[in-house]
Amino acid sequence: MASTFSTNLAIELMGTGDQAGTWGTTTNNNLGTLIEQAISGYVTQAITDGADTVITIPNGATGVARNMYIEMTGALTAARNLIVPSNKKLYFIFNNTTGGYAVTVKVSGQTGVSVPNGAKILLVSNGTDVVTAFNYTPSLTLSSALPVASGGTGLTSGTSGGVLYYSATGTLASSVALAANAIVLGGGAGVAPATT
């Protein structure tokens, strides 16, 4: 019975009685190279400027797409595509290209996920296309305040009874405590609101 290869990682599955005298080499390759690459492999992949970059998981041999973590590099003049095989697989992706452009990671002919320049993201190929690996977090603690540009306030505290106002373009601040049952009056550009 001849060797076959696993569906997603393309690791050689030796048939009964196959490779007499050489099975140790195949086993070492499977365990020491291919499985290690899939579990903890880190590789840099230059993204071609002007065409799609295609990476593969070849049967029984090393391949860029088998790696767990792929750091994309290269100088881009437009958004580009990284084409991965349709094998079901988890990917950590880092768009470390220069030029400021996104790279879409996808299966050929599919939509995929656009990875902004400088971003690190967890993706999964579900056998059809590449999708984000998760969309739910039960709670989140940040090491610093979420900035206004990302939908936050940029603040770690505020005044009880105060209101948020823009102290400058793109900068939120908390006013002093405002009087109860009073009308809030704007103070003009950069000035905290007051009550009357």
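Residues numbered from 1 in each chain as written. Predicted model: local features only at pLDDT ≥ 70, side-chain atom pairs only at ≥ 80, totals over all residues. Heavy atoms only, no water.

**Section: helix H1 (residues 23–40)**
In an α-helix there are 3.6 residues to a turn, and that puts residues three or four apart on one side. Put simply, the test is: What counts as a helix is a DSSP run of H or I of at least four residues, what counts as a strand is a run of E of at least two, and both are numbered from the N terminus. One less than the number of residues in a helix, times 1.5 Å, gives the span that helix is expected to have. Bend angle per residue: angle between axes fitted to the 7 residues ending at that residue and the 7 residues starting there. Only protein chains enter the accessibility calculation, which uses a 1.4 Å probe; a residue is then buried when its area is under 20% of its type maximum, exposed when over 50%, and partly exposed in between.
Here H1 contains 18 residues, and its C-alpha end-to-end distance of 24 Å stays within 8% of the 26 Å for a straight helix at 1.5 Å per residue. At asparagine 30, H1 is bent by approximately 30 degrees, the largest bend along its length. What H1 keeps buried is the set Thr26, Asn30, Leu34, Gln37 and Ala38.

**Structural notes on unusual backbone geometry**
One non-glycine residue with positive phi stands out, namely alanine 10, at about 55 degrees. Tracing the chain through its elements places alanine 10 in the loop between strand S1 (4–5) and strand S2 (12–13). Alanine 10 gets classed as buried once you look at its relative accessible area, which sits at 2%.

**Quick look at the environment of glutamate 36**
Our working rule: The contact criterion used throughout is that any non-hydrogen atoms of two residues lie within 4.5 Å.
Note on placement: glutamate 36 falls in helix H1. On the basis of relative accessibility, which here comes to 48%, the residue glutamate 36 falls in the partly exposed class. Put simply, glutamate 36 and alanine 102 are 66 residues apart on the chain and 29 Å apart in space, counted from C-alpha to C-alpha. Residues within four places of glutamate 36 in sequence aside, it is in contact with Leu31 and Gly41.

**Description of the pairing of strand S8 (residues 103–107)**
Successive residues of a regular strand alternate their side chains across the two faces of the sheet. Operational definition: Criterion used throughout: strands pair if DSSP finds at least two bridges between them.
Counting buried residues in S8 gives five out of five residues, a clear majority hidden from the surface. Alternating positions in S8 separate into two faces, Val103, Val105 and Val107 on one and Thr104 and Lys106 on the other, with burial throughout. Where strand S6 (residues 80–84) meets S8, five bridges bridge the pair, whose relative direction is parallel. Paired with leucine 82 across the bridge in S8 is valine 105. Relative to strand S9 (residues 113–115), S8 runs antiparallel, the two sharing three bridges. The residue of S9 that forms the bridge with valine 105 is valine 113. Counting the residues that bridge the hairpin from S8 to S9 gives five residues, and of these glycine 109 lies at a positive phi of roughly 85 degrees.

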